[in-house]
Amino acid sequence: MPAACGSVLEDIEDIVSAEDVKPHERHFVRRNVFPKVRKRSSQKHVQAEDEPPSDSIIPGVQKIWIRTWGCSHNNSDGEYMAGQLAAYGYKITDNSAEADLWLLNSCTVKNPAEDHFRNSIKKAQEGNKKVVVAGCVPQAQPRQDYLKGLSIIGVQQIDRVVEVVEETIKGHSVRLLGQKKDKGKRLGGARLDLPKIRKNPLIEIISINTGCLNACTYCKTKHARGDLASYPIEELVDRAKQSFQEGVCELWLTSEDTGAYGRDIGTDLPTLLWSLVQVIPQGAMLRLGMTNPPYILEHLEEMAKILNHPRVYAFLHIPVQSASDSVLMDMKREYCVADFKQVVDFLKEKVPGITIATDIICGFPGETDEDFQETMKLVDQYRFPSLFINQFYPRPGTPAAKMPQVPASVKKQRTKDLSQLFHSYNPYDHKVGERQRVLVTEESFDSNYYVAHNPFYEQVLVPKDPLLMGKMVEVNIYEAGKHFMKGQPVSDARVHTASITRPLAKGEVSGLREELRHAPRSGTKWEGHPSAGTPVQSPPCSWPALQLLWHPGGAGLKVLSASLALLAALVVFYYGGVRTEL
């Protein structure tokens, strides 16, 4: 068959004509081609060694701002998420403006908290920030319009925060809302030995269980946290031991209902507390969180003994919500006012000086003036030193939201009346002149004092002497206010140091070995799954790049891959350009 062209090529070299440049000539010409070097400003293009290029999307190197609303349980979740992200290499910042991503950890108890959460999402989007949402709001209602397209971390999925943040930074939307189970049984949540950054290095918040056994008609948190699921006692004791080894001197036990602890795993709250007090060092204290009346009733004798222990605050938060049995029935609170009074009266008798804190909801649907007056009488009778007054807000999806509502003006007036009653008495005036033992753990909001607490968890302001922080000291009470007392340290008193080691610095990651804690950006990462194991130590190396390359699959390899790809592109561009010019 004849060829399609006029002549047949016997060899590929036949395509080169006599006029074409020969290979040796091509090499000679190339030696006379000089690349033009652009002058660059030494200041404008200087890039910090530990920062990626401004258009980089390499996960693990960005700055993250975390905001948490709500209860101590939520705050503990926020601390765990911050610790895991820092351990992976992300920088946790207090400056929202400089952050690349905002992690917003929400509370669904009241409308104002969700409003703040929603407004923060809008502000982040207007500032072109990446957004990840967490907490009870998205867990309870993930399909709300303002959450569309956003990444969500469920309340039981906080151990996977690194995955969610990493994918979000890449431009993806990830939603992890499932429950943790073992052999079909629901667990308390993520592991307790995960890295965390404590907001206060002296205070460890431990969630002993999640969810509850109630079905209160006004509660939206139940939709998010679900039914009761408790952590085993041994895991909680191990976490407490680790905390004290890291310089913690105050332990907070928290949950949606601490009194219900253990009912799902065959144990109870007193058994847990007796196990914990055995590992609390002298000079450290334990504070028990909120418990509802029905479950504490069964353990009053044991609870009184525990609350009299020298290393346990004589303090208990028992929400009554209303002093009207009819209102309590509509709330489905599963107790009557007499039950609440029995708990309070018994503990006041058996634990002298105990502080009882409680909650009141004003204007619950169906609450009459007579109902509200019963609540006023209860507060006037017990004169609670700590009282949380809440105007009722109907939460979407709850039975109470469908009930006939009390007019807004009436709710506001009742809230105002109860607040006036609360502020009409001073619970600490009689304590002026007393000598008290206090544990110093915080700085006051106005930064003028250090904040301490006496054995009844009453707030005592002391002078800002750095030597007092984290110490148990004796003070003379010389002044009292509505919510606090002021004390002057006694010069001849002994100072107790609870910490068995130096407390972590603010921002340090708990749960890491000492050599990793101070340089989380130098290769600290979890092998495989971010929560699957213990941190791997970087090799002894002074060059950060080599430290980053130590971990397979880590951010370091991503940096190397990107660098090699860039180098290859430059080589192709350079030599390809020369050929084109020739």
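Per an unreviewed UniProt entry, the protein goes by tRNA-t(6)A37 methylthiotransferase and derives from Furnarius figulus. UniProt annotates the protein under Sequence similarities (unreviewed entry) with the comment "Belongs to the methylthiotransferase family. CDKAL1 subfamily." UniProt annotates the protein under Catalytic activity (unreviewed entry) with the comment "N(6)-L-threonylcarbamoyladenosine(37) in tRNA + (sulfur carrier)-SH + AH2 + 2 S-adenosyl-L-methionine = 2-methylsulfanyl-N(6)-L-threonylcarbamoyladenosine(37) in tRNA + (sulfur carrier)-H + 5'-deoxyadenosine + L-methionine + A + S-adenosyl-L-homocysteine + 2 H(+)".

A. Layout of the sheet that holds strand β9 (residues 203-207). Pairing within the open sheet is parallel, and its three strands lie in the order β9-β12-β13. Two strands in the sheet have a free side with no partner beyond their single neighbour: β9 and β13 (285-288). When the angles between neighbouring strand axes are averaged without regard to direction, this sheet yields 20°. Judged from the four bridges that link them, strand β12 (residues 250-254) and β13 form a sheet pairing that is parallel. In the strand pairing of β13, glutamate 250 is matched with methionine 285.

B. Region of interest: the environment of arginine 383. Mapping arginine 383 onto the fold places it in the loop between α13 (369-382) and β16 (386-391). Separated by 3.1 Å, the side chains of arginine 383 and aspartate 380 make a polar contact.

C. Quick peek at the confidence of the model for the protein. When pLDDT is averaged across the protein, the result is 84; 78% of the residues are at 70 or more. Across residues 2-16 the pLDDT falls below 50, and counting only partners more than four positions away or on other chains, this stretch makes four contacts in the model. Contacts of residues 568-582 to residues separated by more than four positions or lying in other chains number seven contacts, the stretch itself having pLDDT below 50.

D. View of the environment of lysine 181. Structurally, lysine 181 can be placed in strand β7 (residues 181-182). Excluding anything up to four places from it in sequence, lysine 181 contacts Arg186 and Leu187.

E. The arrangement of the packing of aromatic side chains in detail. Under the criterion given, the structure shown has eleven aromatic pairs. Taking the centre distance of 4.9 Å and the plane angle of 70° together, the rings of tyrosine 313 and tyrosine 457 count as edge-to-face. Note that tyrosine 313 is positioned in the loop between α10 (300-307) and β14 (315-317) and tyrosine 457 in the loop between β18 (450-453) and β19 (459-462), a separation of 144 residues in sequence. You can call tyrosine 313 buried: its relative accessible area is 1%. Note on tyrosine 457: relative accessible area 13%, which makes it buried. Ring geometry for phenylalanine 364 versus phenylalanine 392: centroids 5.3 Å apart, planes at 70°, classification edge-to-face.

F. A look at the environment of serine 72. Relative to the helices and strands, serine 72 resides in helix α2 (residues 72-88). Residue classification places serine 72 among the buried positions, given a relative accessible area of 18%. Sequence separation of serine 72 and threonine 254 is 182 residues, and the distance between their C-alpha atoms is 6.5 Å. In this structure serine 72 touches Ile205, Trp252 and Thr254, once residues within four positions along its chain are discounted.

G. Here's a closer look at the packing of helix α8 (residues 269-277) against α10. Look at α8 against α10: their axes get within 10 Å of each other, and the N-to-C directions meet at 20°. The angle between α8 and α10 places the two elements in the roughly parallel class. Of the two elements, α8 crosses α10, and the hand of that crossing is left-handed. Side by side, α8 and α10 meet where Leu269, Pro270, Leu273 and Trp274 of the first sit next to Glu302, Met303, Lys305 and Ile306 of the second. Class assignment of the residues belonging to the contact of α8 with α10 gives a composition of six nonpolar, no polar and two charged.

H. Inspection of helix α12 (residues 337-350) at higher detail. Between its terminal C-alpha atoms α12 stretches 20 Å, which fits the 20 Å expected from 14 residues at 1.5 Å a residue. Every buried residue of α12 is listed here: Val337, Phe340, Val343, Val344, Phe346 and Leu347. As for α12, its buried residues are in contact with α9 (293-296), α10, β14, α11 (325-331), β15 (355-362) and α13.

I. Geometry of the pairing of strand β4 (residues 130-135). Where burial is concerned, most of β4 is hidden: five out of the six residues are buried. Assessed by its sense of winding, the connection that carries the chain from strand β3 (residues 101-106) through helix α3 (residues 111-126) to β4 is right-handed. Sheet topology note: the β4/strand β5 (residues 151-153) ladder contains three bridges and is parallel. Bridge pairing links valine 133 to isoleucine 152 in β5.

J. Quick look at the nonpolar core. Leu103, Ile153, Val165, Leu253, Leu269 and Leu347 are the most contacted members of the largest nonpolar core, which has 100 residues in total. Take this core: its biggest share by element is six residues, from α12. Residue contacts for leucine 269: discarding those within four places in its chain leaves Ile208, Thr258, Gly259, Tyr261, Leu288, Ile296 and Met303. Grouped together as the second largest cluster of nonpolar side chains are 17 residues, Trp65, Trp69, Ile121 and Leu150 included.

K. Representation of the pairing of strand β20 (residues 471-480) within the structure. Sheet topology note: the strand β17 (residues 435-443)/β20 ladder contains five bridges and is antiparallel. Each bridged residue has a counterpart across the sheet, and for glutamine 436 the counterpart in β20 is valine 475. Two elements, β20 and strand β22 (residues 496-497), share two bridges in a ladder whose sense is antiparallel. Bridging across to β22, lysine 471 finds its partner in threonine 497. In this sheet, strand β21 (residues 485-489) lies alongside β20 in antiparallel orientation, the contact comprising five bridges. Residue isoleucine 477 lies in a different strand from β21, and its bridge partner there is glycine 487.

L. Up close: empty space enclosed by the protein. Within this structure, the stated rule accounts for three cavities of 30 Å³ or more. Put simply, the largest cavity is a space of about 150 Å³. Those elements that place two or more of their residues in the lining of the largest cavity are α2 and β9. Among the elements that take part in the lining of the largest cavity, α2 stands out by supplying four residues, more than any other. Across the lining of the largest cavity, the residue classes break down as nine nonpolar, seven polar and three charged. In terms of domain composition, the lining of the largest cavity takes at least three residues from each of domain 1 (63-182) and domain 2 (185-425).

M. The arrangement of α3 in detail. Helix length check: α3, at 16 residues, gives a terminal C-alpha distance of 23 Å against a target of 22 Å (1.5 Å per residue), a fit within 8%. If you check which residues of α3 are buried, you get Ala113, Glu114, Phe117, Ser120, Ile121 and Ala124. Looking straight down α3, one finds its buried side chains confined to an arc of 115°; they lie on one side. Across from the buried face of α3, at angles greater than 90 degrees, the exposed residues are Lys122, Lys123 and Glu126. The inward-facing, buried residues of α3 contact β3, β4 and α4 (136-140). Just downstream of α3, asparagine 128 is the residue with a positive phi angle, here 60°.

About the thresholds
Residues numbered from 1 in each chain as written. Predicted model: local features only at pLDDT ≥ 70, side-chain atom pairs only at ≥ 80, totals over all residues. Heavy atoms only, no water. UniProt positions renumbered as here; feature names shortened; annotations may be inferred. Pairing = 2+ DSSP bridges. Helix = DSSP H or I, 4+ residues; strand = E, 2+ residues; numbered from the N terminus. Axes fitted to C-alpha atoms, helices over the stretch in contact; angles between N-to-C directions. Polar contact = N/O pair within 3.5 Å; in protein donor to acceptor, adjacent residues only side chain to side chain. pLDDT = per-residue confidence, 0-100. Contact = heavy atoms within 4.5 Å. Phe/Tyr/Trp six-rings, centres within 6.5 Å; stacked < 30°, edge-to-face > 60°. Buried < 20%, exposed > 50% of the residue type's maximum accessible area, 1.4 Å probe, protein only. Parallel < 35°, antiparallel > 145°, perpendicular 65-115°, else oblique. Left-handed = near helix turned anticlockwise from the far one by under 90°. Nonpolar A, V, L, I, M, F, W, Y, C, P; charged D, E, K, R; others polar. Expected span 1.5 Å × (residues − 1). Right-handed = clockwise from strand over helix to strand, strands pointing away. Core = buried A, V, L, I, M, F, W, Y, C linked by side-chain atoms within 4.5 Å. 1 Å grid on protein atoms, 1.4 Å probe; cavity = no way out; pocket = protein on both sides within 12 Å on 5 of 7 lines; lining within 4 Å. Points joined across faces, edges and corners; volume = space filled by probe spheres on them. Domains from an automatic or database assignment. Arc of directions from axis to C-beta.

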